[in-house]
Protein chains: 2
Amino acid sequence: MPNDTIDTSALGAPGRLHPELATELVRIVGQEHVFAEAADKLRYEIGARYGEGKAGFVVRPSSAAEIGEVLALCLRTGTPLIAQGANTGLVAASTPNETGLQVVMSLERLRGDVIVDRANRTATVGAGVTLQDLNEKLAADNLCFPIDLGANPSVGGMIATNTGGSRLVRYGDVRHNLLGLEVVLADPPGQVLDLMTGLRKNNTGYDLKQLFVGTGGAGGIITRAVLQVHPLPRQTATALIVPTGQDAILDLLIALEGEFGDFLTAYEGISKTCIEAVLDHMPSVSNPFAPEPIPDYMLLVELSATASRETLGMDLQEALNGFLEQHFDVLVANALLDGGPDLWKIRHSISESIRHQGKLIAFDIAVPRSAMVAFRAEAIAMMDARFPFLRLYDFGHWADGGCHFNIVWPKEAEQKPDDATIESLRIAIYDLVVRSYGGSFSAEHGVGPYNERFYHRYTADTVQEFAGRVQSAIDPKHVLGQVWFGPER
Amino acid sequence: MPNDTIDTSALGAPGRLHPELATELVRIVGQEHVFAEAADKLRYEIGARYGEGKAGFVVRPSSAAEIGEVLALCLRTGTPLIAQGANTGLVAASTPNETGLQVVMSLERLRGDVIVDRANRTATVGAGVTLQDLNEKLAADNLCFPIDLGANPSVGGMIATNTGGSRLVRYGDVRHNLLGLEVVLADPPGQVLDLMTGLRKNNTGYDLKQLFVGTGGAGGIITRAVLQVHPLPRQTATALIVPTGQDAILDLLIALEGEFGDFLTAYEGISKTCIEAVLDHMPSVSNPFAPEPIPDYMLLVELSATASRETLGMDLQEALNGFLEQHFDVLVANALLDGGPDLWKIRHSISESIRHQGKLIAFDIAVPRSAMVAFRAEAIAMMDARFPFLRLYDFGHWADGGCHFNIVWPKEAEQKPDDATIESLRIAIYDLVVRSYGGSFSAEHGVGPYNERFYHRYTADTVQEFAGRVQSAIDPKHVLGQVWFGPER
């Protein structure tokens, strides 16, 4: 349970917000940045995909100092505090529960300047800056922060989640591109831990910022960061490839990496059902393979190069096309070349389109990429046997083993969705992923109230104990972050 | 002081090794893997560059289980234990002190198999495997672990130090390429923390392995690792460039990154004195610029491409040469093209050659690369003013801001080297690096007894307190690792 060690005896009355809370919040951040009315709070209370709660108040501080004061106030009044970025998270880590006794702290006002340092290839940003705003600012210097997501999160949220995205095979995740951090600590409450540096080489002790990456807000509130940024590509080449069979997918990837490792930016697998869902949902989009039927499975490949055609004396699309021709019939059955933005538009419309087919039961998993084909086959067989009425719409980041193994309970199914069946499906899939294939039950989205039980199910006791020791050292009263990473209590 | 909280009351007598120690060590690892004779212990007692101590015993376990038993024995008998990889470290973190009461545990036998996974692009290795052995094994599959050092460390040592090297701008450091880890913990003593995974996407809680990267053996002994490996380049292009002036260096780097960001692998700055030292020390090497004199400063640039000339339709060396021609006179005064292995041979001979000029006072520092020129100028001016008898031989990893700002107290100097003067030099340089330029006093080599005092001098109190809390949670009795990262006690 979130913040269950908060001393609630200071609460005005059991089940009531502390009487001083409102006036004190207003004193700290100002009237217009404290929301008490239901209509004002609503958008902070509903998670991007899962979760819906009731906040006692929503507060919007504008500085590390205000954050520290709010934190101290919440501690003093026994009020659980939940930090929230742009509220695009998918594990309800920044969503309040139904009690109405929690305060949601939105970091949206922590925008400040985006300081782009061309010479050092870094950007210093406030935690409230969104990914889109950041990339708009960077584009002016031909730079980018190349974490490619289907959403527009805040930088603080990206760090707390360690978002990955479609381009991880080339650029890495947020962790790989984080140089410096500023955090307001849970303990001592409100103390600012200044780890702001843009150095790429600095072996001077513990890399403490790692403790705040991917841990969903545990132990501290991120206020600023120094990010490594990259030159915008001058050339891109895309192709939608139909492999000769499932077995060709890995061979093709290895061949691509062996030849185009400098440029390989994305290698996305897409099932037929995903394309069908997109065509169904978006009438303006047509079958890219027409008049051929949609193939069972396809790969969206993107290469990108910093160098121009002139400098390289080479056209990336031509080089890719030549490579595919070379592997025709052996690995490649068909290919659509240079569909560019249209192909990515289809790819990015999949999540939304799927949701119109019925109830989405999403699985953000990863297995070693050498096991992807076997996992998929076994999971499909298991579903056919145990859950034949469910439909699979899987697509994923094949090059790094990630898969959105998304399942839909169709609108038209006779049997209506029930929690027990869905939970047994989750256990069946995750058991396969983690226990049979050594994979991850949360490749990108992180751990939050929505999936915390699986953290405890799949993480070894020794690891949970160690994690709990570390979390206790950082945040002994478990004041910040909704998940307790130690053994279940 | 190392391991100063070990309960030494169990020692047989003050200043004596515990009487049971020898027989118990032999029982655990076998007679041939316990060294008591001075001649056998010597090579483990002398640091690669600094430090020379006396080990009570040297022990060489072959498994995590044996390591755990040795650790428990040392705890029981109040014997400080120091883990050692290939003994190539440069901060004395694996060197015993003079007491002769410490046991050095060499991890050299933890070699096991190097398991290369071509499909997943990973290598699973024992901590005792050396970098050269690893790369020999990987070459068979056209893969490499591209951390380029002038030494041959063990993988465990590389992780504990977070080695960087010349190719960081392209491949990152060890941290960026570490996927999984196995550690024998200090607490509970001997417990194995299994974080062995090859997944690239796995957001399931704390990334606990980070706590053992770059911390010099604190809290645990690394036994195995899963590393991300990379395709061997098929093309490389090198050039030794003379910039038109110091101000051109950063502009040239930005231009190179903007055009060749996909390929830029190294951008090394080298001072004239370094080349002179190499020519002096290695008669087989001649002035690469002859008959021109050696320029004041030069840049060794390397590009590498996974793709072949055929696939790309492009020759990398030609492309680089064309680029340099384009910037001639503006940024480039002169260039030697495609010197390849000879240029790198010169580069890698610098450290050794310098040592023949006198007493080496090495500085492994980093500043933001935009500040490199200003830092260098200010440091040189300071040396001219305060230490005119010293000579500078600086070279470095310009692209990531790293600099080996190596100073020599010349053999022929009237004034002979004294510790007080050397220490005041260190303080002067490090104060400049850290306090004036926001840099690092240890870019690559890590923190050990040799430079621990600077960790405490330059790390903010809040950061030390936080680090100490974390280290105490992991290793409450400070059993493993020679450095205490909390506030000085």
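Nothing here was measured: the structure is a model prediction, and the numbers come from that model.

**Section: the sheet that holds strand β5 (residues 115-117) of chain A**
Residues and elements named next belong to chain A.
- Taken in spatial order, the five strands line up as β5-β6-β10-β8-β9 in an open sheet, and their pairing is antiparallel. Edge strands, defined here as strands with exactly one partner in the open sheet, are β5 and β9 (192-195). Here the strands of the sheet are splayed against their neighbours by 15° on average, with no regard to which way each runs.
- Bridge count between strand β6 (residues 122-126) and strand β10 (residues 220-228): five bridges; the pairing is antiparallel. Within the sheet, the bridge partner assigned to T124 lies in β10 and is V226.
- Helix-sheet contacts for helix α3 (residues 64-76) involve β8 (178-185), β9 and β10, and the interaxial angle to β8 is about 40°.
- This element, helix α4 (residues 131-139), spans β5, β6 and β10 of the sheet and lies at about 140° to β6.

**Details of the relation of the copies chain A and chain B**
- When chain A is brought onto chain B, the operation consists of a screw motion whose angular component is 180° and whose axial shift is 0.0 Å, with 0.0 Å RMSD remaining. Here the transformation between the copies is reduced to the relation of a two-fold axis.
- The share of interface residues of chain A whose copies in chain B are also at the interface is 99%, consistent with both copies meeting through the same surface.

**Points about the sheet that holds strand β2 (residues 55-59) of chain A**
All names here are of chain A.
- Read across the open sheet, the four strands follow the order β1-β2-β4-β3; overall the sheet is mixed. Edge positions in the sheet fall to β1 (34-35) and β3 (81-84), since each has one partner strand and no second.
- Bridge analysis of β3 against strand β4 (residues 102-106) gives four bridges, and the strand direction is parallel. Paired with A83 across the strands is M105, a residue of β4.

**Looking at the domain arrangement of chain A**
All names here are of chain A.
- Taken domain by domain, chain A holds domain 1 (3-106), domain 2 (115-231) and domain 3 (235-350).
- Between domain 2 and domain 3, the residue contacts involve nine residues of the former and 13 residues of the latter.
- Between domain 2 and domain 3 lies a buried interface of about 750 Å² when both sides are counted; carbon and sulfur atoms form 45% of it.
- Of all residues in domain 2, S166, V169 and R170 give up the largest surface area on contact with domain 3, accounting jointly for 65% of the area buried on that side.
- At the junction of domain 2 with domain 3, the criterion picks out one salt bridge.
- For R167, the salt bridge goes to E302, with nearest N and O atoms at 3.8 Å.
- Applying the counting criterion to the domain 2 and domain 3 interface returns two residue pairs in polar contact (both at pLDDT 80 or more).
- Its residues assigned to classes, the side of domain 2 that touches domain 3 shows four nonpolar, two polar and three charged.

Parameters and conventions
Each chain carries its own residue numbering, running from 1 in the direction its sequence is written. Throughout, the order in which chains and ligands are written sets their labels, letters from A for the former and numbers from 1 for the latter. Only residues with pLDDT of at least 70 are given local features in this predicted model, and only at 80 or more are side-chain atom pairs given and counted; all residues enter the totals for whole chains, interfaces and linings. Calculated side-chain values reflect all of the structure's heavy atoms, with hydrogen atoms and water omitted. What makes two strands pair is DSSP finding at least two bridges between them. Runs of H or I in DSSP of at least four residues are treated as helices and runs of E of at least two as strands, each being numbered from the N terminus. To obtain each axis, a line is fitted to C-alpha atoms, and for helices this fit is confined to the stretch in contact; angles are then taken between N-to-C directions over 0 to 180 degrees. In this description, contact between two residues means that some pair of their heavy atoms is separated by no more than 4.5 Å. Copy-to-copy superposition: least squares on the C-alpha atoms, limited to residues that have pLDDT of at least 70 in both copies. Domain delimitation in this document rests on an assignment produced automatically or drawn from a domain database. Two parts placed together each lose some accessible area under a 1.4 Å probe, and adding up what both lose gives the buried area. In the sections that follow, a salt bridge refers to a side-chain nitrogen of Lys or Arg positioned within 4 Å of a carboxyl oxygen of Asp or Glu. In protein, a polar contact means a hydrogen-donor-capable atom and an acceptor-capable atom, both N or O and within 3.5 Å, with residues adjacent in sequence counting only if both atoms are side-chain atoms; elsewhere, any N or O pair within 3.5 Å suffices. Under the scheme applied here, ten amino acids are nonpolar (Ala, Val, Leu, Ile, Met, Phe, Trp, Tyr, Cys and Pro), four are charged (Asp, Glu, Lys and Arg), and all others, including Gly, are polar.

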